[in-house]
Amino acid sequence: MNETAAWTGPGEVCRQILDGTATVVVKVGSSLLIDRDGQARTGWMATLAGSLSRRAGPVIVVSSGAIALGRAAIGLGCRPASLAAAQAAAAIGQIRLAQIWTEAFARYRRDAAQILLTLGDLEDRARYLNARNTLETLLAHAVVPIINENDTVATGEIRFGDNDRLAARVAQLAGAELLVLLSDVDGLYEANPATHPDARLVTTVEEVSAKIEALADGTTATEFGTGGMPSKLAAARTATAAGCQVLLTSGRGDCDPLTRYLDTGRGTVFSAAQRPLVRRKQWLRSLQQHAGRLLIDAGAASALRRGASLLPAGVQTIEGQFERGALLRIAGPDGDIGQGLSGYDAHEASCLAGAQSSDIPARLGYAGRGPMIHRDDLVLF
């Protein structure tokens, strides 16, 4: 696909999804929502709300902007330097942000609902299912969920880090067919367009490979935002693995960005995986809070790739203190290869490392629970 509206391949699929009835997640960053004076761009938000309201299918909005909207109220002229100040600004700004979105969608007779999530909400299986049920119920009633990270309670170890990653997890949660990342750039370029004006736009990405990641320049901050191209590529990797197409396109200017994309085709489309992981495997793959690590031998790594469970015999070293059911990284001779939920706590696992299955009762003093990590509780990268 070239830099014009040549609707072929992934671009055509993207256009059909936007025009169709499938679930679409749209992520909007702070740099698009907030002007230089720290005020919300209410007119632009209403324009986007109108475009989304005219879709035949369900719509979810992942919206940044709470901290940027709230910081002026506590006398901050720039990004808060402390966690407490950021959380206070978020508490003030989130209620304003929700009100603006509610009024924007109300113009088109659409109700909006607020959902605030932390990383922990999607790491815990029960809370993950509760969030999914709530989301599905709202969509069934044609309500537009407005989702943001719960910045008032999230801390460093339980944060998504930016709303690109949050949006990818929401797309996964909702089973969406398209994730739209609205940015202040047209898409992914072969070089940084700020320093290389002649850089070419990459219109289609089949796989987020190391070569594609190398195109990201690593910039991560604007005056209001916290993301950058690396976070967008990470989000694309998560969403496409779940079978969700990803569109990265510009949201700058006063016009509707979705209509502009349909008119011009200008943006980067990341193709969805041909064989997406089933929902439980998607959830397992997306977990981030690891309690420990298992170092395994080459034979065990080969067996995992063939679809086997991880048996104690293949485990060489146990790292970390963890309970049964904890998330563990799995590392082979060449580095990390996957992750899964432990069938044993750290003490039991240490007792069983290297043991044959027939030796488990003698080592533990009871029959044990089978594999170190069952194949149903394991996913490879």
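The structure this text deals with has already been given above.
Because the structure is a prediction, the values reported are computed rather than measured.

Draft legend 1. Inspection of the pattern of salt bridges at higher detail. All chains considered together, the criterion is met by 13 salt bridges. The salt bridge involving Glu12 is made with Arg15; its shortest N-O contact spans 2.8 Å. One end of the pair, Glu12, and the other, Arg15, are both in helix H1 (residues 9-19), three residues apart, so they sit about a helical turn from each other. Relative accessible area serves as the criterion here: at 24%, Arg15 is assigned to the partly exposed category. A salt bridge links Asp121 to Arg127; the nearest nitrogen and oxygen atoms lie 2.9 Å apart. Given a relative accessible area of 38%, Arg127 falls into the partly exposed group. In this structure, a network of salt bridges that share partners links the residues Arg293, Glu319, Arg329 and Asp336.

Draft legend 2. Structural context of the packing of helix H7 (residues 125-140) against helix H8 (residues 163-174). For the pair H7 and H8, interaxial distance at closest approach is 9 Å and the crossing angle is 75 degrees. One way to sum up the angle between H7 and H8 is to call them roughly perpendicular. Taking contact as the criterion, the partners of Tyr128, Ala131, Arg132 and Leu135 in H7 are, on H8, Val170, Gln172, Leu173 and Ala174.

Draft legend 3. Highlighting unusual backbone geometry. The phi angle at Arg109 is positive, at roughly 60 degrees, despite the residue not being glycine. As for its position among the elements, Arg109 is in the loop between helix H5 (83-106) and strand E3 (112-117). A positive phi angle, near 60 degrees, is found at Ala142, a position not held by glycine. Tracing the backbone through its elements, the reader meets Ala142 in the loop between H7 and strand E4 (144-149). In this structure Ala142 comes out as partly exposed when scored by relative accessible area, which is 42%.

Definitions and limits used
Residues numbered from 1 in each chain as written. Predicted model: local features only at pLDDT ≥ 70, side-chain atom pairs only at ≥ 80, totals over all residues. Heavy atoms only, no water. Salt bridge = Lys/Arg side-chain N within 4 Å of Asp/Glu carboxyl O. Helix = DSSP H or I, 4+ residues; strand = E, 2+ residues; numbered from the N terminus. Buried < 20%, exposed > 50% of the residue type's maximum accessible area, 1.4 Å probe, protein only. Axes fitted to C-alpha atoms, helices over the stretch in contact; angles between N-to-C directions. Parallel < 35°, antiparallel > 145°, perpendicular 65-115°, else oblique. Contact = heavy atoms within 4.5 Å.

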